[in-house]
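Take a look at the letters that make up each chain.
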Amino acid sequence: MRNLREKKMAREIAANETGRSAAIVTVENVVKRFGGFTALSDVNLSVRAGEKIVLCGPSGSGKSTLIRCINHIEKHDGGRIVVDGIELSDRMSDINDVRREVGMVFQSFNLFPHLSVVENCMLAPIKVRGLSRAEAHERAIGVLRKVRIHDQASKYPGQLSGGQQQRVAIARALCMQPKIMLFDEPTSALDPEMVKEVLDTMVELARDGMTMVCVTHEMGFAREVADRVVFMDRGAIVEEADPETFFRAPRTERARAFLGQII
Ligand code: ADP
Ligand code: MG
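Bear in mind that the values here come from a model prediction, so they are computed numbers and not experimental data.

A.B. asks: Give me the lowdown on the overall build of the protein, citing residues and values where you can.
C.D. replies: Secondary structure summary: the protein contains 10 helices and 10 strands in total. Against the compact-globule benchmark of 18 Å for 263 residues, the protein has a radius of gyration of 20 Å, which places it among compact chains. The principal-axis extent of the C-alpha atoms belonging to the protein is close to 60 × 50 × 40 Å. Considering the protein as a whole, with its 263 residues, one finds that 49% of them fall into the buried category. Put simply, the protein shows about 13,100 Å² of open surface, and 49% of that area lies on carbon and sulfur atoms. Of note, the protein has its 37 positive side-chain charges centred 4 Å away from the centre of its 35 negative side-chain charges.

Here it is, written out as structure tokens:
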């Protein structure tokens, strides 16, 4: 029989495991309408800490709407969304508490054109996290170094290539030390030769253990990092599987048709 000390340790380890796999995002029966049009109908998705999800599907299937609802850029009309333990609702006063834990990277990089690269990365940590300029600068340079773009720190976005701008956008989001990163087609506005540098940055982020939901049609990336591929069509999640299964043996005709078009 194990002694008490061992039992306590086992309990602590178990609690830790549970903590590590706890849901960061829970989406339950979510409905989103734009006027009479239903963009999301009864969507369910749970994202555990450390999990990497690739969200794919035809244009107009609701991928952007879903991740915009998770970030509360769009407000859902039905169901529940819980992010890091906080339920998103109309009456929220703590929406900024949620947003600061969620990093978002868009197709169009959305950097502030009048701020240098390092200032782009310092702004939110100063304004939202309350860091001093010196602290924010140190953090920004550290993150820019990690995405190997610190040599461009004093340039302005307009002086960088698209791939570099997107890596700065990723760095800027990371400077907030978010719990989860949402990517909405981060490489689809890039020239082909710049796609790889951005995907490489995302792969490294995944290896570092970041929780990620990525809307992307880069199936090589999906195979390499995704724990789960979630396929959407017409506002619903139609299929969900590990990448190997999804690509080898999609269950639905809609997924097969989609894969036939993009691969
Ligand atoms: P995806 O990202 O998968 O291409 P979206 O989530 O952008 O699709 O859009 C899903 C559907 O919702 C589309 O039919 C789109 O036209 C519609 N939609 C998205 N945003 C709006 C909006 N602000 N107003 C009206 N319709 C919208
Ligand atoms: Mg979209």
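A.B. asks: Help me get a handle on the nonpolar core, residues and values and all.
C.D. replies: Formed by 54 residues in total, the largest nonpolar core has its most connected members in I170, M181, F183, M202, M212, F221 and F246. If one sorts the elements of this core by residue count, helix α7 (residues 192-207) sits on top with eight residues. Apart from residues lying up to four places away in sequence, F246 is in contact with C56, V229, F231, E239, A241, A255 and L259. I53, I70, I81 and V98 belong to the second largest nonpolar core, which has 27 residues in total.

A.B. asks: I'd like to hear about the sheet that holds strand β4 (residues 78-83), residue by residue, with values.
C.D. replies: If you walk across this open sheet you meet the four strands as β2-β1-β4-β5, and the pairing is antiparallel. Of all the strands in the sheet, the pair left with one neighbour each is β2 (37-48) and β5 (86-87).

A.B. asks: Summarise the environment of F183; cite the residues concerned and give the values.
C.D. replies: With respect to the helices and strands, the residue F183 is situated in strand β7 (residues 180-184). For F183, a relative accessible area of 0% gives the class buried. Put simply, F183 and V54 are 129 residues apart on the chain and 9.4 Å apart in space, counted from C-alpha to C-alpha. Residues within four places of F183 in sequence aside, it is in contact with I67, V105, I170, M202, L205, M212, V213, C214 and V215.

A.B. asks: Outline the site of ligand 1, supporting the account with residue identities and numerical values.
C.D. replies: Near ligand 1 you find F34, F37, A39, P58, S59, G60, S61, G62, K63, S64 and T65, and these make up its full shell. G60 places a polar main-chain atom, nitrogen or oxygen, 2.7 Å from an oxygen atom of ligand 1. G62 has a polar backbone atom sitting 3.0 Å from an oxygen atom of ligand 1. In isolation ligand 1 has 560 Å² of accessible area, and contact with the protein removes 59% of it. Mapped onto the shell around ligand 1, the elements with two or more residues apiece are β2 and α2 (63-70). The dominant element in the shell around ligand 1, judged by the number of residues it contributes, is α2, at three residues. Looking at the shell around ligand 1 residue by residue, the class counts come to four nonpolar, six polar and one charged.

The rules we used
- Residues numbered from 1 in each chain as written.
- Chains lettered and ligands numbered in written order.
- Predicted model: local features only at pLDDT ≥ 70, side-chain atom pairs only at ≥ 80, totals over all residues.
- Heavy atoms only, no water.
- Helix = DSSP H or I, 4+ residues; strand = E, 2+ residues; numbered from the N terminus.
- Rg over C-alpha atoms; globule rule 2.2 N^0.38 Å.
- Buried < 20%, exposed > 50% of the residue type's maximum accessible area, 1.4 Å probe, protein only.
- Areas by Shrake-Rupley, 256 points an atom, 1.4 Å probe, with all protein chains shown as cover.
- Lys, Arg positive; Asp, Glu negative; His and termini not counted.
- Charge placed at Lys NZ, Arg CZ, Asp CG, Glu CD.
- Core = buried A, V, L, I, M, F, W, Y, C linked by side-chain atoms within 4.5 Å.
- Contact = heavy atoms within 4.5 Å.
- Pairing = 2+ DSSP bridges.
- Near = heavy atom within 4 Å.
- Polar contact = N/O pair within 3.5 Å; in protein donor to acceptor, adjacent residues only side chain to side chain.
- Nonpolar A, V, L, I, M, F, W, Y, C, P; charged D, E, K, R; others polar.

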